[in-house]
Amino acid sequence: MATAPRSGLAGLLRSWISGLGPAAPADTPLTRESAQRLVQGFLHEAGTPPSPGINPQGFGGLSAGGASLYFEWLEDTQALKCSALVYRFREPPKPGVIEGFQAEEREGTDAGGGTVDYERENRGLYLARTYTRMPSERAFAKEMRRLMKVSIKWNSEVLDRVASRVFHPEELESKDTSR
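The subject of this paragraph is the packing of helix H2 (residues 32-45) against helix H4 (residues 137-167). Contact pair H2 / H4: the axes reach a minimum separation of 10 Å and the direction vectors enclose 65°. Considering the relative orientation of H2 and H4, their crossing is right-handed. The residues of H4 that touch H2, namely those facing Leu38, Phe42 and Glu45, are Glu137, Phe140, Ala141, Met144, Arg145 and Met148. In the contact of H2 with H4, the residues fall into six nonpolar, no polar and three charged.

Put into structure tokens, the structure is as follows:
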């Protein structure tokens, strides 16, 4: 038996039936409760087991399709930060590495609607989006899927390009002069 897709009207009906209901009207200021409901709805749509969405400490997340997505409620700014992991460094990154990723972003490499974000405490490099206003649930799900997809691409393609720029710039120069 085929099942309906978990987006659009079918997803909305499932969230209503499961008791989640809509998080809040779109384009209203985000609250912790509406952010939590928004994340719960996305996780439910993604097929995860029932989840609080954001725990009492303000964190949540999921791993799916080779991507890891993290949610953090920022109480001081009343914002929801959504971060898709690109790479976790074993040691602090060498000088120039984070700047190389920021250069990729400035040069227009698709960041999935996010920005480059390096978190020193866990040595993680992320593509992050921050919400202070309520997006529509459909737009949020689409934006999170895109952020996750692009984070995988950054890990497989952009990471190598940045490493080449930072650690082997002479190879890039020789390619440029041979044209």
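Put simply, the second largest pocket is a space of about 230 Å³. Looking at the second largest pocket, the residues that line it are Phe59, Gly60, Tyr70, Phe71, Glu72, Lys81, Ser83, Glu119, Glu121, Asn122 and Tyr126. Considering each element in turn, the lining of the second largest pocket owes the most residues, three residues, to strand E2 (residues 67-74). In terms of residue class, the lining of the second largest pocket is made up of four nonpolar, three polar and four charged.

Running from N to C, helix H3 (residues 97-106) and H4 point in directions that differ by 120°, and their axes come no closer than 9 Å. With respect to each other, H3 and H4 are oriented oblique. When the axes of H3 and H4 are compared, the crossing they make is right-handed. On the side of H3, the interface is formed by Val97, Gly100, Phe101, Ala103, Glu104 and Glu105, while H4 contributes Trp154, Val158, Leu159, Arg161, Val162, Arg165, Val166 and Phe167.

Looking now at H3. Within the sequence span of H3, burial applies to Val97, Ile98, Gly100, Phe101, Ala103 and Glu104. Those residues of H3 that are buried are in contact with strand E4 (115-119), strand E5 (124-131) and H4. Positive backbone phi, approximately 100°, marks Gly108, located one or two places after H3.

Now for unusual backbone geometry. Within the chain, Asp27 stands out as a residue other than glycine whose phi angle is a positive 65°. Here Asp27 shows up in the loop between helix H1 (8-17) and H2. Residue Arg123 is not a glycine yet carries a positive backbone phi of 55°. Tracing the backbone shows Arg123 in the loop between E4 and E5. We classify Arg123 as partly exposed; its relative accessible area is 30%.

Attention now goes to the pattern of salt bridges. Once their charged atoms are close, side chains differing in charge can pair, the charge on each being opposite to the other. Following the criterion strictly, the structure yields nine salt bridges and no others. Among the salt bridges present, the one from Lys81 reaches Glu119, with a minimum N-O distance of 2.7 Å. In this pair, Lys81 sits in strand E3 (residues 79-88) while Glu119 sits in strand E4, placing the two residues 38 residues apart along the sequence. The buried category is assigned to Lys81, whose relative accessible area is 14%. Residue classification places Glu119 among the buried residues on the basis of a relative accessible area of 16%.

The rules we used
- Residues numbered from 1 in each chain as written.
- Predicted model: local features only at pLDDT ≥ 70, side-chain atom pairs only at ≥ 80, totals over all residues.
- Heavy atoms only, no water.
- Axes fitted to C-alpha atoms, helices over the stretch in contact; angles between N-to-C directions.
- Helix = DSSP H or I, 4+ residues; strand = E, 2+ residues; numbered from the N terminus.
- Left-handed = near helix turned anticlockwise from the far one by under 90°.
- Contact = heavy atoms within 4.5 Å.
- Nonpolar A, V, L, I, M, F, W, Y, C, P; charged D, E, K, R; others polar.
- 1 Å grid on protein atoms, 1.4 Å probe; cavity = no way out; pocket = protein on both sides within 12 Å on 5 of 7 lines; lining within 4 Å.
- Points joined across faces, edges and corners; volume = space filled by probe spheres on them.
- Parallel < 35°, antiparallel > 145°, perpendicular 65-115°, else oblique.
- Buried < 20%, exposed > 50% of the residue type's maximum accessible area, 1.4 Å probe, protein only.
- Salt bridge = Lys/Arg side-chain N within 4 Å of Asp/Glu carboxyl O.

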